[in-house]
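# Fold and geometry: a report
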Amino acid sequence: MPIRVYYQDTDAGGVVYHATHLHFLERARYEWLRQLGYGVHELLNAHQLQFMIRSLEIEYFKPAILDDLLQITVDVVDLGRSRISLAQEILCDQNRLVNATVHAVCVSTESLKPVSIPAPLRKKIEISK
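The following refers to the structure shown. Only a predicted model underlies this, so the values are computations on that prediction, with no experimental measurement involved. (Residues numbered from 1 in each chain as written. Predicted model: local features only at pLDDT ≥ 70, side-chain atom pairs only at ≥ 80, totals over all residues. Heavy atoms only, no water.)

## As for the overall build of the protein
A count of helices and strands for the protein gives 3 helices and 5 strands. The C-alpha atoms of the protein give 16 Å as radius of gyration, which agrees with the globular expectation for 129 residues (14 Å, within 12%). By its C-alpha atoms, the protein is 45 × 25 × 25 Å across when sized along the principal axes. Taken over 129 residues, the protein has a buried fraction of 38%. Here the analysis covers contacts within the protein between residues at least 6 apart in sequence; of these, 65% occur between residues at least 24 apart. About 7,700 Å² of surface is accessible on the protein, with carbon and sulfur atoms providing 51% of the total. (Helix = DSSP H or I, 4+ residues; strand = E, 2+ residues; numbered from the N terminus. Rg over C-alpha atoms; globule rule 2.2 N^0.38 Å. Buried < 20%, exposed > 50% of the residue type's maximum accessible area, 1.4 Å probe, protein only. Contact = heavy atoms within 4.5 Å. Areas by Shrake-Rupley, 256 points an atom, 1.4 Å probe, with all protein chains shown as cover.)

If you want it as structure tokens, here you go:
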């Protein structure tokens, strides 16, 4: 997923603020789900579930700067009954800027307790691996 770095994404020095990378990674995950046919609104309204981040690990290698065109990747590492682990990268001109491993859990919107990932979505995730 391509993302352009805007002024609002940067600090006073024109460098992308470290926490902004989390927003970029989240947008890419949402777009990935949408490409699988499961937009966030559908998950919330039709399936009464959402994915919550359990943990994440992030490494910063090089800075992104104002007006860079970034590419954010999403790759499935592991898939459990209610959990999913994803490897994500932020690249600029084929240079790796950020590496992240994200562990998410599928939860009921009502109870916020883990629930099984719906079988049709699970199948699409498995195919996308």
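## Considering the nonpolar core
In this structure, W32, L70, I72, I84, I90, L121 and I125 are the most contacted members of the largest nonpolar core, which totals 30 residues. Secondary-structure elements contributing two or more residues to this core are α1 (20-35), β3 (69-79), β4 (83-92), β5 (95-108) and α3 (119-128). When sequence neighbours within four positions are dropped, the list of residues in contact with L70 reads M1, P2, I3, V5, F24, A64, I90, L91, C92 and L97. (Core = buried A, V, L, I, M, F, W, Y, C linked by side-chain atoms within 4.5 Å.)

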